Amino acid sequence: MNSHGKAQIIKQTEDFIQQRFAGDGSGHDWWHIHRVRNLALELAKREQADAFIVEMAALLHDLDDWKLNPDSNQVEKWLRKLSVAENEANHILDITRNVSFKGAGVPTPMSTIEGKVVQDADRLDAIGAIGIARTFAFGGSRDRLIYHPDATPEMHQSFESYQQNQSHTINHFYEKLLLLKDRMQTRAGYEMALHRHTVMENFLDEFFNEWDGKN
Ligand code: ADP
Ligand code: NI
């Protein structure tokens, strides 16, 4: 496919996803997708990854997400509808099906550099100041408590136990967000994660100080 055709496919996908995610109140709104797309394209440049695959996978990465749309197969349908070449469609699908975090003890390897780039970009948007904001938005959307001192974090060893977890939002930092820095798959992603990780550590220090009435 020529580059004109690819630009068209990206534009149509952007319009579709922008509409589809516009009203999400769980931290997975269009602006999350937009940031992940931009982060992923930046990492793709540095890692010399295929920009078309990366941009399409970033735009589509939450469409079939288990938290938002369980048992959905919309990515495949969309790629078919736009007549994306079979090998490219399979590569994009491989990324969107494997990108998600599945628990502290569950590895989520990505087999291609394009997959690593999209996963790192999605995870960068899960940490730092934006990550903190998104996490409490998600917790609120699921009626979760902000914090409960009696419920300690759990290192989930299976995807099923991670999926069933109903704990308060502070636990999510220990069960996922603070683990992401050391799971970044690209050099540039890891370097960006360092500062965002510190932002979360500082936030948690302040949170517990205030909880204990210390400042
Ligand atoms: P992933 O698929 O890797 O989890 P997403 O793009 O779906 O990535 O975004 C995940 C984000 O949703 C988390 O980083 C967090 O902000 C929010 N989230 C998911 N699960 C929880 C939870 N149990 N408690 C609080 N926030 C959550
Ligand atoms: Ni995402």
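If you're wondering where the values come from, they're calculated on a predicted model, not measured in any experiment.

Visitor: An account of the environment of Leu59 is requested, with residue identities and associated values reported.
Guide: Tracing the backbone through its elements, the reader meets Leu59 in helix H3 (residues 51–60). Leu59 gets classed as buried once you look at its relative accessible area, which sits at 0%. The sequence separation of Leu59 and Ile33 amounts to 26 residues, and the corresponding C-alpha distance is 6.0 Å. Contact partners of Leu59, with chain neighbours within four places excluded, come to Ile10, Thr13, Glu14, Ile17, Trp30, Ile33 and Arg37.

Visitor: Which residues make up the side chain of Ser167, and what values go with them?
Guide: Among the secondary structure elements, Ser167 is positioned in the loop between helix H8 (159–164) and helix H9 (169–175). Residue Ser167 is classed as buried on the basis of its relative accessible area of 17%. Within the structure, the side chain of Ser167 is placed 2.7 Å from the side chain of Asn171, a separation counted as a polar contact. The residues contacting Ser167, other than those within four sequence positions of it, are Arg144 and Ala151.

Visitor: Mind laying out the layout of surface pockets, listing which residues take part and the relevant values?
Guide: Volume-wise, the largest pocket comes out at about 620 Å³. For the lining of the largest pocket, the secondary-structure elements that each account for two or more residues are helix H6 (113–124), helix H7 (128–141), H8 and H9. Here the lining of the largest pocket gets five residues from one element, more than from any other, and that element is H7. Residue classes in the lining of the largest pocket are distributed as seven nonpolar, 17 polar and ten charged. The calculated volume of the second largest pocket comes to roughly 230 Å³. The wall of the second largest pocket is formed by 13 residues, among which Asp64, Asp65, Trp66, Thr96 and Arg97 lie closest to the centre.

Visitor: Hey, could you go over the packing of helix H2 (residues 30–47) against H6 for me, with residue numbers and the actual values?
Guide: In the contact formed by H2 and H6, the axes pass within 8 Å of each other and the chain directions differ by 135°. If you check the angle between H2 and H6, you find them oblique. Remark: the crossing between H2 and H6 carries right-handed chirality. Contacts from His32, Val36, Leu39, Ala40, Leu43, Ala44 and Glu47 in H2 reach Ile113, Val117, Val118, Asp120, Ala121, Asp122 and Leu124 in H6. For the contact of H2 with H6, a count of residues per class yields ten nonpolar, one polar and three charged.

Visitor: Describe the coordination of the nickel ion (ligand 2), and please don't skip the residues or the numbers.
Guide: Each protein donor to the nickel ion (ligand 2) is listed here as His32 (NE2), His61 (NE2), Asp62 (OD) and Asp122 (OD); together their distances run 2.0 to 2.5 Å. Donor residues for the nickel ion (ligand 2) sit on one chain with the sequence pattern H-x28-H-D-x59-D. Of the two residues, Asp62 sits in the loop between H3 and helix H4 (74–81) while Asp122 sits in helix H6, which places them 60 residues apart along the sequence.

Visitor: I'd love a proper account of the pattern of salt bridges, names of residues and values included.
Guide: A full pass over the atoms with the stated rule returns 13 salt bridges. Ionic pairing is found between Arg37 and Glu55, a salt bridge with its closest N-O pair at 2.7 Å. A residue pair is termed long-range when its members are at least 10 positions apart, and Arg37 in helix H2 and Glu55 in helix H3 qualify at 18 residues. A relative accessible area of 8% places Arg37 in the buried class. The salt bridge involving Asp65 is made with Lys67; its shortest N-O contact spans 3.0 Å. Residues joined in a network through salt bridges with shared partners are Glu14, Arg37 and Glu55.

Visitor: How would you explain the site of ligand 1 if you had to name every residue and give the values?
Guide: Around ligand 1, the surrounding shell holds 17 residues, and the nearest of these are His28, Lys67, Ser100, Arg144 and Lys176. With respect to ligand 1, the backbone of Phe101 contributes an N or O atom lying 3.0 Å from an oxygen atom. Between Arg144 and ligand 1, the recorded distance is 2.9 Å, taken from a side-chain N or O atom to a nitrogen atom. Relative to its unbound accessible area of 550 Å², ligand 1 is 97% covered by the protein chains. For ligand 1, the cavity whose grid points lie within 2 Å of the majority of its atoms is the largest pocket. The biggest single contributor to the shell around ligand 1 is H7, with three residues. The class makeup of the residues in the shell around ligand 1 is four nonpolar, six polar and seven charged.

Criteria and cut-off values
Residues numbered from 1 in each chain as written. Chains lettered and ligands numbered in written order. Predicted model: local features only at pLDDT ≥ 70, side-chain atom pairs only at ≥ 80, totals over all residues. Heavy atoms only, no water. Helix = DSSP H or I, 4+ residues; strand = E, 2+ residues; numbered from the N terminus. Buried < 20%, exposed > 50% of the residue type's maximum accessible area, 1.4 Å probe, protein only. Contact = heavy atoms within 4.5 Å. Polar contact = N/O pair within 3.5 Å; in protein donor to acceptor, adjacent residues only side chain to side chain. 1 Å grid on protein atoms, 1.4 Å probe; cavity = no way out; pocket = protein on both sides within 12 Å on 5 of 7 lines; lining within 4 Å. Points joined across faces, edges and corners; volume = space filled by probe spheres on them. Nonpolar A, V, L, I, M, F, W, Y, C, P; charged D, E, K, R; others polar. Axes fitted to C-alpha atoms, helices over the stretch in contact; angles between N-to-C directions. Parallel < 35°, antiparallel > 145°, perpendicular 65-115°, else oblique. Left-handed = near helix turned anticlockwise from the far one by under 90°. Donors = N, O, S within 2.8 Å, 3.2 Å for Na, K, Ca; no water. Salt bridge = Lys/Arg side-chain N within 4 Å of Asp/Glu carboxyl O. Near = heavy atom within 4 Å. Areas by Shrake-Rupley, 256 points an atom, 1.4 Å probe, with all protein chains shown as cover. Sits in = over half its atoms within 2 Å of the grid points.

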